[in-house]
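Structural overview for review
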Amino acid sequence: AFAAILADGAVLTWGRGLYGGDSSKVQGQLRNVQQIQATNGAFAAILADGAVLTWGRGLYGGDSSKVQGQLRNVQQIQATNGAFAAILA
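For the structure given in this document, a descriptive report is provided here. Nothing here was measured: the structure is a model prediction, and the numbers come from that model.

**Considerations on the sheet that holds strand 4 (residues 42-47)**
Strand order in the open sheet formed by three strands is 3-4-5, and the pairing between neighbours is antiparallel. The open sheet terminates on both sides in strands that have one partner only, identified here as strand 3 (33-38) and strand 5 (52-56). The average angle at which neighbouring strand axes cross in this sheet is 20°, direction not considered. Sheet topology note: the strand 3/strand 4 ladder contains five bridges and is antiparallel. From the neighbouring strand, Ala38 faces strand 4, where its bridge partner is Phe43.

Listed below in structure tokens is the structure:
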């Protein structure tokens, strides 16, 4: 799957939905996106306010619900094949 940040900060995704090509569950929140990183099956986006949204396969980092409360003031995201790491301010 692929993801592109548009000039207005929105995100366009395409490709195999299971691997992040379908961002419909978070599309309404994908505004003012500053950065996107990808694993082999998921995407993570940093928003202008430092929050992070993830989507795609949970096994590849697409489900950040267990750490969502900690994903504030994120400066950068790094990705491996199957996981994300967030660098906080």
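From this point, things continue past the structure.
**Focus: the pairing of strand 6 (residues 74-79)**
Note: strand 6 against strand 7 (residues 84-88), five bridges, orientation antiparallel. Bridge pairing in strand 7 links Ile77 to Ala86. The turn joining strand 6 and strand 7, which pair antiparallel and follow one another in sequence, is formed by four residues.

Basis of the calculations
Residues numbered from 1 in each chain as written. Predicted model: local features only at pLDDT ≥ 70, side-chain atom pairs only at ≥ 80, totals over all residues. Heavy atoms only, no water. Pairing = 2+ DSSP bridges. Helix = DSSP H or I, 4+ residues; strand = E, 2+ residues; numbered from the N terminus. Axes fitted to C-alpha atoms, helices over the stretch in contact; angles between N-to-C directions.

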